[in-house]
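Listed below, chain by chain, are the residues.
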Amino acid sequence: MTTKREIEVRGADVEKAIESGLQKLGVGRSEVIIDVIDEGSRGLLGIGSREAVVRLVSLASPEPAPKPKPAAKTAVPTPKQQPKPAPKQKDTAVAAKSNGRDVEVIEADPEEKDAAMAVMSTLLDKMQVDAELTASISEPDDLTGRQVNVFDIEGDDLGVLIGPRGETLNAVQYLARLMVGNQLQRRATFVVDVEGYRKRRQQALARLAERMAKKVISRRRAVSLEPMPPHERRIIHMTLRDNEEVYTQSSGEGKRRKVRILPK
């Protein structure tokens, strides 16, 4: 079983902050996702200077093995006393393997599914979009093991629901999540897709990550990708997390935040 750890550290510059964080986590650079929150500044003649701030997320950290319990003495049952079978436990999570790592699968919320289906149907009706809405469950996340509900909208001429670089689709998903979250009084995490657009985008980003990694390796120079939303940056991080020759980190602020691929 593995758990994820996350820390935020400061340093005189980005590299010093990263080194400090790696020492605290006790891991190598290839075992973390590096997110540069603030690159820091030396200021003018020392005035207005500030430290760099980075967030390190360990991809996997081993949990200590449980201490073996002493063997209990087994009583010999008498004809009137039979050993009771162990009670069955309710399955709340499923053990699985992902990329060689043990993860605990956290199943998607069925109550969220019902609420989101109703909200999405209402939204499509209000937008006068004639389409079919289907629900499914995602594969477990490689890092967290979490499954999410996925709603795919299928129909004719739905490009208007996707928008430039998926911006309209992201807005629809954000609005639907707010409505469902308000209804259930908790954070909603389902995904809204249009005719498999997100899956195609994920595959394209994974290919981009591999292609840029090869360029970094051959040139021995860092490469910065175009600004991306958080879920797309994460695809780049996860695609290259096991690469032995490069590592990734995020930098920038707001909508200008992007991923850098650097040689080890």
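These numbers come from a predicted model, not from an experiment. (Residues numbered from 1 in each chain as written. Predicted model: local features only at pLDDT ≥ 70, side-chain atom pairs only at ≥ 80, totals over all residues. Heavy atoms only, no water.)

Participant: Whenever I open this one, the confidence of the model for the protein confuses me. Can you help?
Facilitator: Low pLDDT marks regions whose predicted coordinates should not be analysed in detail. Looking at the protein as a whole, its pLDDT mean stands at 81, while 79% of the residues score no less than 70. Residue range residues 61-65 is modelled with pLDDT below 50. Its contacts to residues more than four positions away, or to other chains, number 5 contacts. Confidence drops under pLDDT 50 across residues 73-93; counting only partners more than four residues distant or on other chains, this segment forms 5 contacts. (pLDDT = per-residue confidence, 0-100. Contact = heavy atoms within 4.5 Å.)

Participant: In this structure, what is going on with the packing of aromatic side chains? I would like to understand it.
Facilitator: For any pair of aromatic rings, the description consists of the separation of the ring centres together with the inter-plane angle of the planes. What the rule picks out here adds up to 1 aromatic pair. Ring geometry for F151 against F190: centres 5.6 Å apart, planes inclined by 90°, an arrangement best described as edge-to-face. Pair noted here: F151 is in strand β9 (residues 149-155) and F190 is in the loop between α4 (167-184) and β10 (191-194), with a separation of 39 residues, a long-range link. Take F151 and F190: they sit in the same class, and that class is buried. Here the basic side chain of R29 rests over the ring of Y247, its NZ or CZ set 4.3 Å away from the ring centre. (Phe/Tyr/Trp six-rings, centres within 6.5 Å; stacked < 30°, edge-to-face > 60°. Helix = DSSP H or I, 4+ residues; strand = E, 2+ residues; numbered from the N terminus. Buried < 20%, exposed > 50% of the residue type's maximum accessible area, 1.4 Å probe, protein only. Lys NZ or Arg CZ within 6 Å of the ring centre and 35° of its normal.)

Participant: Which parts of the structure should I look at to understand the nonpolar core?
Facilitator: Generally speaking, a soluble globular protein has its nonpolar side chains buried in company with each other. Judged by nonpolar contacts, the single largest core of 22 residues is most densely connected at M120, I153, V180, F190 and V194. Elements with a minimum of two residues in this core: α2 (110-126), β9, α3 (159-162), α4 and β10. Take this core: its biggest share by element is 6 residues, from α2. The contacts of V194, once residues within four sequence positions are left out, are D152, I153, L158, L161, I162 and L169. (Core = buried A, V, L, I, M, F, W, Y, C linked by side-chain atoms within 4.5 Å.)

Participant: Could you clarify how one ought to interpret the packing of α2 against α4 in this entry?
Facilitator: Between two packed helices, the angle of one axis relative to the other and the distance separating the axes together describe the packing. For the pair α2 and α4, the least separation of the axes is 9 Å and the interaxial angle reads 130°. By the angle between their directions, the pair α2 and α4 is classed as oblique. Where α2 crosses over α4, the two elements pack in a sense that is right-handed. Judged by residue contacts, E111, E112, A115, A116, V119, M120 and L123 of α2 engage V172, L175, A176, M179, V180, Q183 and L184 from α4. Looking at the contact of α2 with α4 residue by residue, the classes come out as 11 nonpolar, 1 polar and 2 charged. (Axes fitted to C-alpha atoms, helices over the stretch in contact; angles between N-to-C directions. Parallel < 35°, antiparallel > 145°, perpendicular 65-115°, else oblique. Left-handed = near helix turned anticlockwise from the far one by under 90°. Nonpolar A, V, L, I, M, F, W, Y, C, P; charged D, E, K, R; others polar.)

Participant: What should I look at first to understand unusual backbone geometry in this one?
Facilitator: A negative phi holds for most residues other than glycine; trans holds for most peptide bonds. A positive phi angle, close to 55°, is found at Q128, a residue other than glycine. Structurally, the position occupied by Q128 is in the loop between α2 and β8 (131-137).

Participant: Can you walk me through helix α1 (residues 14-25) in this structure?
Facilitator: Side chains three or four residues apart in an α-helix point the same way, a direct result of the helix having 3.6 residues per turn. When the terminal C-alpha atoms of α1 are compared, their 17 Å separation across 12 residues agrees well with the 16 Å that a helix rising 1.5 Å per residue should span. Looking at α1, one finds that the buried residues are V14, A17, I18, G21, L22 and L25. All buried residues of α1 fall inside an arc of 135° around its axis, so they share one side. Seen from the buried face of α1, the exposed residues on the opposite side, beyond 90 degrees, are Q23 and K24. By the N-cap criterion, in which a side-chain oxygen at the helix start approaches the backbone nitrogen of a residue two or three places on, α1 is capped by D13, the distance to E15 being 3.2 Å. Trailing α1 by a residue or two, G26 shows a phi angle of about 70°, which is positive. (Expected span 1.5 Å × (residues − 1). Arc of directions from axis to C-beta. Polar contact = N/O pair within 3.5 Å; in protein donor to acceptor, adjacent residues only side chain to side chain.)

Participant: So what exactly am I meant to see when it comes to empty space enclosed by the protein here?
Facilitator: One simple way to see leftover space: roll a probe sized like a water molecule over the atoms. For the coordinates displayed, the defined rule picks out 1 cavity of 30 Å³ or more. There is about 80 Å³ of room inside the largest cavity. Taken together, the elements giving at least two residues each to the lining of the largest cavity come down to β3 (32-38), α6 (230-240) and β12 (246-251). Tallied by class, residues from the lining of the largest cavity come to 6 nonpolar, 4 polar and 3 charged. (1 Å grid on protein atoms, 1.4 Å probe; cavity = no way out; pocket = protein on both sides within 12 Å on 5 of 7 lines; lining within 4 Å. Points joined across faces, edges and corners; volume = space filled by probe spheres on them.)

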